[in-house]
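If you want the building blocks of each chain, they are given just below.
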Amino acid sequence: MRKIQILGTGCPKCKKLAECAEAAAKELGIEYEIEKVTKISDIMKFGVMSTPGLVVDGQVKVAGKVPTVEQLKEMLK
Amino acid sequence: MKTKVLKWILFSAAGVVIWWLIYSNLSAFAGWFTYSLLKMEQGRHLASAVEFFVFETPKVLMLLVLVVFGVGIIRSFFTPERTRKILSGKSESVGNVLAALLGVVTPFCSCSAVPLFVGFVTAGVPLGVTFSFLISAPMINEVALVLLFGMFGWKVAALYMGVGLLIAIVAGWILGRLHMEKYIEPWVFETQVGENVAGQVMNWQDRINYGLTAVRDIVLKVWIYVILGIAVGSGIHGYVPEDFMASFMGKGAWWSVPLAVLLGVPMYSNAAGIIPIVKALLEKGAALGTVLAFMMAVIGLSLPEAIILRNILKPKLVFTFFGIVAAGIIIIGYLFNMVF
């Protein structure tokens, strides 16, 4: 079970990251749950200053950009 | 690996040569297109507008692609996290200068202004230094500089950059002197900022990809504004009489600078959309200082930004911040009108 968290206050890029991460997880066929973290104080707890951010199982994988689905699959493995 | 790098270098060199060949022939092409292919009569309004449009559009777009790619590579070296590390623990004056300079090269999007602010302040970056960064980051960007360079030459682009840095440094310094820390929402200081940051190591291939992504993102976002802006600019170029703007945006009208700034704040546009219009205004007799003030107000101060900042700053600090930056822009506007 992978825990995927998307950090972002709701900008277009955050939505895109959520979609891409979901697509990557589905392609891998893994079990996952996805959560959107939108409160700034919660985002800050991860030490991320540029949104969108991607957190997998509590580890920050991406900050400030939207990777490709291929790259996301690497991170979710 | 080595052959791959070599391939890249050859590939880029060829690209630059082709780019340059096309770029340096654009003016001739626009003339040929307008007067030979479309058989328009020289000296007519429509012909002049068409020539302007056919010349400026590819020119600006080509410059954008080249510079955004270059800046993208530079930016891949500067993350907000690294910038914060450099700025925390710096004394105020040196910090203001550094913050303004780093604002130019650090990737920044107005939607991350709040997390960035919180991250800086909680890491011990002084408030005024944080403001210097927040002023320079949106105001001085590669799109604005490309357009200024493409349309007015390097002198105006360099002036814009210098003046933008000056405003960021001085306004940030003044805001720091005012000691307005108590006007920051208290939860900002209660926020626990984690240290957990993805330490991605980039190789050259990654940096090139980063640059290419920047080109795709930015050019896709702004091309329509560039074309619309140039289209409006062409219309003004062809149809509005010379010196039409001089009466109300010229040097003689003392109230034009504050008015330009007042008009600019509620307008929210990126540099791409505003500069071609600015060019047309200038051509028709508007004063350089007035036009620059207008542009800085549009790009550097925007209502959406104020609303975002209101989340972390009490209204008094938001107003003070906008007031000081606006005052700085107005002074610069007058100064330019006096000198040029």
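Residues numbered from 1 in each chain as written. Chains lettered and ligands numbered in written order. Predicted model: local features only at pLDDT ≥ 70, side-chain atom pairs only at ≥ 80, totals over all residues.

### A look at the interface of chain A and chain B
Every contact between the two is made by 18 residues of chain A and, on the other side, 20 residues of chain B. Put simply, the parts of the chain that give the side of chain A that touches chain B at least two residues each are helix H2 (40-45) and strand E4 (59-63) of chain A. It is H2(A) that contributes the most residues to the side of chain A that touches chain B, five residues altogether. Taken together, the residues of the side of chain A that touches chain B sort by class into ten nonpolar, six polar and two charged. (Contact = placed C-beta atoms within 7 Å. Helix = DSSP H or I, 4+ residues; strand = E, 2+ residues; numbered from the N terminus. Nonpolar A, V, L, I, M, F, W, Y, C, P; charged D, E, K, R; others polar.)

### Some words on the packing of helix H14 (residues 271-283) of chain B against helix H15 (residues 288-300) of chain B
Residue and element names in this part refer to chain B. The N-to-C vectors of H14 and H15 enclose an angle of 165°; their axes lie 10 Å apart at closest approach. Considered as vectors, H14 and H15 are oriented roughly antiparallel to each other. Helix-helix and strand crossings are classified by hand; for H14 and H15 the assignment is right-handed. Listed contacts from H15 to Ala271, Ile274, Ile275, Val278, Leu281 and Leu282 of H14 are Leu288, Val291, Met295, Val298 and Ile299. A class-by-class count of the residues in the contact of H14 with H15 yields eleven nonpolar, no polar and no charged. (Axes fitted to C-alpha atoms, helices over the stretch in contact; angles between N-to-C directions. Parallel < 35°, antiparallel > 145°, perpendicular 65-115°, else oblique. Left-handed = near helix turned anticlockwise from the far one by under 90°.)

### Some thoughts on unusual backbone geometry
A cis amide bond, omega -5°, links Thr51(A) with the succeeding residue Pro52(A). Topologically, Pro52(A) is positioned in the loop between H2 and strand E3 (53-56).

### Observations concerning the sheet that holds E4(A)
Residues and elements named next belong to chain A. Pairing is mixed in the open sheet, where four strands are placed in the order E2-E1-E3-E4. Of all strands in the sheet, those with a lone pairing partner are strand E2 (32-37) and E4, marking the two edges. Across this sheet, the average inter-strand angle for adjacent strands is 20°, counted without regard to direction. Strand direction decides the pairing type here: E3 and E4, joined by four bridges, are antiparallel. By the bridge assignment, Val55 is partnered in E4 with Val60. Relative to strand E1 (residues 2-7), helix H1 (residues 12-28) is tilted by about 165°, and along the sheet it contacts E1, E2 and E3. (Pairing = 2+ DSSP bridges.)

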